[in-house]
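Listed below are the residues making up each chain.
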Amino acid sequence: MVDRKAGHRSDAGAALHAGDQAVVHGGNLHEAAERYGIPYAQWLDLSTGINPHGYPVPPVPADAWRRLPDDGDGFAACAARYYAAPDAAHVLPVAGSQAAIRALPSLLPRAQVGIAPLTYGEYAPAFERAGHEVLPLDVSWDTLPDALTHVVVVNPNNPTAEHLSAGKLLHWHAQLAARGGTLLIDEAFADTMPSASLAANTYRDGLIVLRSPGKFFGLAGVRAGFVLGAPALLDALRRTLGAWTVSGPARHAVKAAFEDVAWQQQMRTRLDTESARLVSLLHAHGFAMHSTPLFAWTDDARAAALHEALAQHGVWTRLFTASGSVRFGLPASDTEWARFEESLREAVR
């Protein structure tokens, strides 16, 4: 059970991942099932920030299975329209943004790169493997240290939900561009706040934006993503990754989702409502929360104990071990909400 008298910790500091360490992610439900002896099918998985109300993909045409993906199918142009990028030449489809995270560091001049201590865990090891030196980034800075040549920002941040304004990010970009550096912004969770995106600014040299349909559209399984940036950089990345990075069925699913404006508008409203419900529920049990429409996060000193207590009830959340903080995704149905509420009551009792 969680000790309700434990103090609140506001410092979410965590050590950066070393380049040779395995990075832990949410969604590792088989591991949880084995560890706690609860069958896989009996778990309530709240460990990711993926929309549980995924886009209803229309039937896949037979040609999408039979033919090789064709770059002339308008896929990049469709993404450019959805993300408000300058044009298709500034968009490169990739096999999930993970592919770009692994490949991009080797295309940038080796230098010192600033990455927040608690953010998406794949960036630090990827840059270290490519020979960069990773330094902790303080997002409260207005002026970046002269030592930094590149900066990585996840916006809104995963898991802390912190959001940096477009004005601040463009100010940072101007500083980095003046020293021949790069600002890389991961907007995996930005679909719920499209006006905050810097995708329209990717005509600027030294500005890279990564986008993914996996979170907002609930299409993580299609393994598709997009790199938005200067055409010269995208050409170099295309040569590195090779041909046919996104499958035909994946292109069909994502294109349909990008063109369904009515679904997008309705889903943003729904996620806002459900996120508020999640935050309110956790607040009622004394946890200070930070949230986006797709997940909520707490660095309360009791967070790790709460994660463990919920796991004993077959509810899986995402524990960030180094900081002792926990992220909660959204339940998918009334039944799941009821189970989570009951498990939460039992866990904090």
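Use the structure listed above.
Trainee: What's the story with the sheet that holds strand β13 (residues 325–328) in this structure? I'm lost.
Mentor: Backbone hydrogen bonds are what pair the strands of a sheet, in a parallel or an antiparallel way. Spatial strand order, β9-β10-β13-β12: 4 strands in an open sheet with antiparallel pairing. A single partner strand is all that each edge strand has here, and the edge strands are β9 (290–292) and β12 (318–320). Sheet twist, expressed as the mean angle between neighbouring strand axes with direction ignored, is 20°. Note that strand β10 (residues 295–298) and β13 share 3 bridges and pair antiparallel. When the sheet's bridge partners are listed, A296 is paired in β13 with F328. On top of the sheet, helix α10 (residues 303–312) reaches β10, β12 and β13; it is set at about 50° to β13, its chief contact.

Trainee: It is not clear to me how the sheet that holds strand β5 (residues 150–154) should be interpreted in this structure. Could you clarify?
Mentor: Taken in spatial order, the 7 strands of this open sheet run β2-β8-β7-β6-β5-β3-β4, and their pairing is mixed. Looking at the sheet topology across the chains shown, the edges are occupied by β2 (91–94) and β4 (133–136). Between one strand axis and the next, the sheet turns through 20° on average, direction left out of account. Helix α3 (residues 75–83) contacts β2, β7 (207–211) and β8 (225–228) of the sheet and is inclined by roughly 115° relative to β2.

Trainee: Which parts of the structure should I look at to understand the packing of α10 against helix α11 (residues 334–348)?
Mentor: The description of two helices packed together rests on the angle between their axes and the distance between the axes. The contact between α10 and α11 brings their axes to 9 Å, and the two run at 120°. Taken together, the axis directions place α10 and α11 in an arrangement best described as oblique. As α10 packs across α11, the resulting crossing turns out to be right-handed. In this structure, α10 contributes L306, A309 and L310 to the contact, and α11 contributes F340, S343, L344, A347 and V348. By residue class, the composition of the contact of α10 with α11 is 7 nonpolar, 1 polar and no charged.

Trainee: Help me understand helix α6 (residues 166–178) in this model?
Mentor: Three or four residues apart is the spacing at which side chains of an α-helix point the same way, because the helix has 3.6 residues per turn. The end-to-end C-alpha separation of α6 is 18 Å, in line with the 18 Å expected for 13 residues at 1.5 Å each. Those residues of α6 that sit buried are L169, W172, H173, Q175 and L176. Down the axis of α6, the sector holding all buried residues measures 165°, keeping them to one side. Those residues of α6 that are buried lie in contact with β5, β6 (182–186) and β7. Positive phi shows up at G180, right after α6, with a value of about 75°.

Trainee: Hey, could you run me through the nonpolar core in this one?
Mentor: The tendency in soluble globular proteins is for nonpolar side chains to be buried as a group. Of all hydrophobic cores here, the largest spans 67 residues; its most connected members are V151, F217, F226, F258, F328 and F340. Formed by 23 residues, the second largest nonpolar core is a distinct cluster that contains A100, A103, L108 and L184.

Trainee: Sorry if this is basic, but what is going on with the environment of V315 here?
Mentor: Examined against the element boundaries, V315 turns out to sit in strand β11 (residues 315–316). On the basis of relative accessible area, V315 is assigned to the buried category, the value being 0%. Distance from V315 to R339, taken between C-alpha atoms, is 8.7 Å for residues 24 residues apart in sequence.

The rules behind each value
- Residues numbered from 1 in each chain as written.
- Predicted model: local features only at pLDDT ≥ 70, side-chain atom pairs only at ≥ 80, totals over all residues.
- Heavy atoms only, no water.
- Pairing = 2+ DSSP bridges.
- Helix = DSSP H or I, 4+ residues; strand = E, 2+ residues; numbered from the N terminus.
- Axes fitted to C-alpha atoms, helices over the stretch in contact; angles between N-to-C directions.
- Contact = heavy atoms within 4.5 Å.
- Parallel < 35°, antiparallel > 145°, perpendicular 65-115°, else oblique.
- Left-handed = near helix turned anticlockwise from the far one by under 90°.
- Nonpolar A, V, L, I, M, F, W, Y, C, P; charged D, E, K, R; others polar.
- Expected span 1.5 Å × (residues − 1).
- Buried < 20%, exposed > 50% of the residue type's maximum accessible area, 1.4 Å probe, protein only.
- Arc of directions from axis to C-beta.
- Core = buried A, V, L, I, M, F, W, Y, C linked by side-chain atoms within 4.5 Å.

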